[in-house]
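This is what each chain is made of:
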Amino acid sequence: MNSGKKAMNETKQSKKKTKDNIPAGGIGKRIGAGIIILLLAAVIGIVAWEGLAPKYLLSVNGEKLSKKDLMYDFYQTELIGSQMASLYSQFGYTQDYWNMDNGDGTTTQDTLKSQTIENYLYNRIIYAEAVAKGYEATEDEKTQAAETAAQSIEELTADKASKLGLTKDLLTEKALEELVVSRYKTDTVESLNINDDEIKAGVDYDTYRGYSVQYFFAPTTTTNDAGETEAVADKTSMYSELKTVLEKAKDSNDWSKVVDSKDEDAVVSYKKSILTAKDETFSEDIMKKIVAMGNGDVSEIVEAEDGYYVFRMVDNNDPSKYDKAVEDAITEAEDAGFNEVYAALKANYKIKEYDTNWRNIVFGTVTLG
């Protein structure tokens, strides 16, 4: 074999050895493993980003807001909510206030969500409008805002406030904004030319005419251990007790001094009230008797479903309920007028709610939990 053929054979054998040393599919497997590693890294990265990325709840003119951005508004909503929950508990409600069914397919959680969003938007939009018109906080408002912030810190505790990001500076800033917003609303309402006298003329005085009475009450019913109402054993004794107290009050112009309100064993109690002709506190027959009384008159003892009453007329022309009705009517007109102003301003804002992320918000646990 000549040298040329020998060299060619050695080259072929060398290539064959090299090929034989590579496992079947080796290159493909290495490439596939590399792609899998890259994909896993990408997936892990996405999961990590989703876990750390803020969950946006609201977008206002392109600005995305997370729970952290709305924490002050959550605090305000839950502060009122906790007061309502306490009130419901005192009234004997056993259902959790935070998850009550509103009866229209929504729950308290839905209501609180709407309140939180509207609270944020209202203050943001009105404050921006106020600033645009040159409003600045007064020294009195700055002092008041600082006091409000200090009280909020005390209610939350400094440690909890810090964890929530509700610093004293932030709470002061928010309280100050609300004061400016309130002043702007007052000024705007005054410019609406709402006619108070016209509104007052539209409120019927006779409907709200007050009858201010003092009265003694002797119960003829009681509540047993099961929470059920049942008649007292001796109604006659209740009547006699009331007559005894009434005799003591014969020459008194102030019945509040006749019965000791601190005496837990007293059978007869003293109360006072301002009623209207259509009031449903008492039966229609009893109300007719009260309305017919003159100032200083004392009624006979009358029997109701729950006990015996005797009334003394203090003022049969008390204007307080009428004044309150007028005040409420004016306030309603002012709010309606300002709401139109606010609606026009709000229409200029592009607002988006992220419902999926809102589902993870559980009111009663955000700032209170």
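Residues numbered from 1 in each chain as written. Predicted model: local features only at pLDDT ≥ 70, side-chain atom pairs only at ≥ 80, totals over all residues. Heavy atoms only, no water.

### Let's talk about the confidence of the model for the protein
So, step 1. Averaged over every residue, the pLDDT of the protein is 88; residues scoring 70 or more account for 85%.
So, step 2. Confidence over residues 14–19 falls short of pLDDT 50; this stretch has zero contacts with residues more than four positions distant or in other chains. (pLDDT = per-residue confidence, 0-100. Contact = heavy atoms within 4.5 Å.)

### Some thoughts on the layout of surface pockets
A probe matching the size of a water molecule, rolled over the atoms, marks out where space remains unfilled.
So, step 1. Within this model, the largest pocket holds a volume of roughly 380 Å³.
So, step 2. Along the wall of the largest pocket there are 21 residues; nearest its centre are Asp69, Asp73, Tyr120, Leu170 and Lys174.
So, step 3. Counting only elements with at least two residues in the lining of the largest pocket, the list comes to β2 (63–66), α3 (71–90), α4 (108–132) and α7 (168–190).
So, step 4. Considering each element in turn, the lining of the largest pocket owes the most residues, six residues, to α4.
So, step 5. The class makeup of the residues in the lining of the largest pocket is 10 nonpolar, three polar and eight charged. (1 Å grid on protein atoms, 1.4 Å probe; cavity = no way out; pocket = protein on both sides within 12 Å on 5 of 7 lines; lining within 4 Å. Points joined across faces, edges and corners; volume = space filled by probe spheres on them. Helix = DSSP H or I, 4+ residues; strand = E, 2+ residues; numbered from the N terminus. Nonpolar A, V, L, I, M, F, W, Y, C, P; charged D, E, K, R; others polar.)

### Looking at the environment of valine 245
So, step 1. For valine 245, the location among the structural elements is in helix α10 (residues 235–248).
So, step 2. With 24 residues separating them in the primary sequence, valine 245 and serine 269 have C-alpha atoms 9.5 Å apart.
So, step 3. Once you skip the residues sitting within four places of it in the chain, valine 245 turns out to touch Phe216, Val258, Val259 and Val268.

### Let's talk about the nonpolar core
So, step 1. Core analysis: the biggest nonpolar cluster contains 39 residues, and Phe74, Leu121, Leu166 and Trp358 have the highest contact counts within it.
So, step 2. Elements that contribute at least two residues to this core include exactly β1 (56–60), α3, α4, α5 (139–156), α6 (158–164), α7 and α12 (320–346).
So, step 3. A per-element tally of this core places α4 first, with seven residues.
So, step 4. Phenylalanine 74 has contacts with Leu57, Lys67, Thr116, Trp358, Ile361, Phe363, Val366 and Thr367, leaving out every residue within four places of it along the chain. (Core = buried A, V, L, I, M, F, W, Y, C linked by side-chain atoms within 4.5 Å. Buried < 20%, exposed > 50% of the residue type's maximum accessible area, 1.4 Å probe, protein only.)

### With respect to α12
So, step 1. In this model α12 runs 38 Å from its N-terminal to its C-terminal C-alpha over 27 residues, within 8% of the 39 Å that 1.5 Å per residue would give.
So, step 2. What α12 keeps buried is the set Tyr322, Ala325, Val326, Ile330, Gly337, Phe338, Tyr342 and Leu345.
So, step 3. Turning to α12, the residues buried within the fold contact α4, α7, α8 (196–201) and α9 (205–208). (Expected span 1.5 Å × (residues − 1).)

### Focus: the pattern of salt bridges
So, step 1. Scanning all chains against the criterion turns up 15 salt bridges.
So, step 2. The salt bridge involving glutamate 129 is made with lysine 133; its shortest N-O contact spans 3.6 Å.
So, step 3. For lysine 289, the salt bridge goes to glutamate 300, with nearest N and O atoms at 3.5 Å. Taken together, the positions of lysine 289 in helix α11 (residues 284–291) and glutamate 300 in the loop between α11 and β7 (302–303) put the pair 11 residues apart, joining distant regions of the chain.
So, step 4. Taking relative accessible area as the criterion, lysine 289 reaches 43% and is therefore assigned partly exposed.
So, step 5. What emerges from the salt-bridge pattern is a single network uniting Lys113, Glu353 and Asp355. (Salt bridge = Lys/Arg side-chain N within 4 Å of Asp/Glu carboxyl O.)

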